[in-house]
Every structure is written in structure tokens, then in C-alpha cells.
Amino acid sequence: DQQVKQNSPSLSVQEGRISILNCDYTNSMFDYFLWYKKYPAEGPTFLISISSIKDKNEDGRFTVFLNKSAKHLSLHIVPSQPGDSAVYFCAAISHFSNFGNEKLTFGTGTRLTIIP
Amino acid sequence: IAGITQAPTSQILAAGRRMTLRCTQDMRHNAMYWYRQDLGLGLRLIHYSNTAGTTGKGEVPDGYSVSRANTDDFPLTLASAVPSQTSVYFCASREHTNTGELFFGEGSRLTVL
């Protein structure tokens, strides 16, 4: 049972335009969400996160939106740059159901390609 | 450079052989994790350790074992490798804070023939 889903395996976006990556979750106990970026032959690196008490978090070109009622979050990258080409994973964690034993659940990833 | 070191980077292994993937961190993080990454399946948790001396099973623990004798090291052992364990393995660590941020190693690519 995939609790965190990224339904688009790949996405291509023109340089300078907005990239929107989507993620859906099923577990209503998730209360913290993260996005990781992964380049080939490297480990994932943390990009941005959001707590369930917020609906938006912004960091430079990256903004994450959370819609709790729809159990949906999205990552917006604007403007998109060639260096943004990577695989993006969303992840979720539940603090209150497993306090002290929290583990991240990852989505399947979306490969973003920025076209120059 | 502070972070997580994994070894080996890449390994080809015959089925039935025993293999240990090494992971060392120098950030003094309490929690450590092993994930495997497979196409179409994302990152799946194999085993974890919240603190030295304790371990727990993740989503896909069968065929793997771990130990956590000290804070820095968290080796993953395949007692008798099978082809379905062909994957890229990532070790990660995290401080016990309210964020879920993990720090990952660069991965170990394992091929079981």
C-alpha cells in the first residue's frame, strides 16, 4: 500500500517556466512533509519542507503548497533552471502516531527535465 | 568533510554470497536508516536505528540484518544474497528533532547475479 504517491514518473519543462511536481498521500496522520532532490550517482538531498499547520512554505525559487483536505502537496520551481533537472521525491512523516520512532515514507519520485 | 560515508560504491556479487554494506557518519546523529531505491518503487526503508544499541524493521526487512554497536556505524548485511536484492542502497542519518530531514550517503550499487 503506497501511502505517498507521485503519479507522474517524469516531467519536462522549458527553462524559465514554472515546474510543478505533485504528491498525494493517504495517511491522515502525516503531519510533516519534505521534498528531496536526487542527481544521478548521488544521494538524495533535502530541498524544502512544510508542517501540516501551514499551507505554504517558500524558499527562494522553491515553494511547497499543502492542501490537507485533499491530502495533496505540490512543489513549484520558478523559474526553472537546467540545474533543476533531477529526480524529486516527496516524503511524509507522522510525529504524533510514532513519537520518538518517526520514519519517513517516500514517494516513487518524479524525474524532472528542464529543456534549455 | 562531515557527512555519511558508504562503502563499497559498487559491487557485483554471486547469489548465495554474504555481503556487508558499510555506513559511517561523523555528525553524531542518533538515528540511522537504510533505504533501497528501485525504479518505480522509490525509496523503501529496510531497517533503522533510533539510537546506538537499538534497531528496528522497516518496510522491506526480509533478507537483511543490521547492527548498531556505536553511534557512528550502521552496517547492513545480506546473509545470502538473491537477485531481487539488486538495487541501490542508501544509508541516512537524522538528529532527533521535530523535522524529518535526513542526510544521505552517496549510495552503494549492488548487483546480485
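Anyway, here's the lowdown on the structure attached to this text. (Residues numbered from 1 in each chain as written. Chains lettered and ligands numbered in written order. Predicted model: local features only at pLDDT ≥ 70, side-chain atom pairs only at ≥ 80, totals over all residues. Heavy atoms only, no water.)

Some remarks on the sheet that holds strand S3 (residues 19–25) of chain A
The pairing of strands in a sheet comes from backbone hydrogen bonds and takes either a parallel or an antiparallel form.
Residue and element names in this part refer to chain A.
No. 1: Taken in spatial order, the 5 strands make up an open sheet running S1-S3-S8-S7-S6, and their pairing is antiparallel. This sheet does not close on itself; its edge strands, each paired only once, are strand S1 (4–5) and strand S6 (56–59).
No. 2: Relative to strand S7 (residues 62–67), S6 runs antiparallel, the two being bridged by 4 bridges. Within S7, the residue paired with Lys56 across the bridge is Phe65. (Pairing = 2+ DSSP bridges. Helix = DSSP H or I, 4+ residues; strand = E, 2+ residues; numbered from the N terminus.)

Considerations on the interface of chain A and chain B
No. 1: Counting from both sides, the interface comprises 20 residues of chain A and, opposite them, 21 residues of chain B.
No. 2: Between chain A and chain B lies a buried interface of about 1,700 Å² when both sides are counted; carbon and sulfur atoms form 56% of it.
No. 3: When residues of chain A are sorted by the area they lose upon contact with chain B, Pro44, Lys103 and Phe106 of chain A head the list and together hold 26% of the total.
No. 4: Remark: the boundary between chain A and chain B carries 0 salt bridges.
No. 5: Those elements that provide at least two residues to the side of chain A that touches chain B are strand S4 (32–38) and strand S9 (86–93) of chain A.
No. 6: Counting residues per element, the side of chain A that touches chain B draws most heavily on S4 of chain A, at 4 residues.
No. 7: Class assignment for the residues of the side of chain A that touches chain B results in 10 nonpolar, 6 polar and 4 charged. (Contact = heavy atoms within 4.5 Å. Buried area = accessible area lost by both parts, 1.4 Å probe. Salt bridge = Lys/Arg side-chain N within 4 Å of Asp/Glu carboxyl O. Nonpolar A, V, L, I, M, F, W, Y, C, P; charged D, E, K, R; others polar.)

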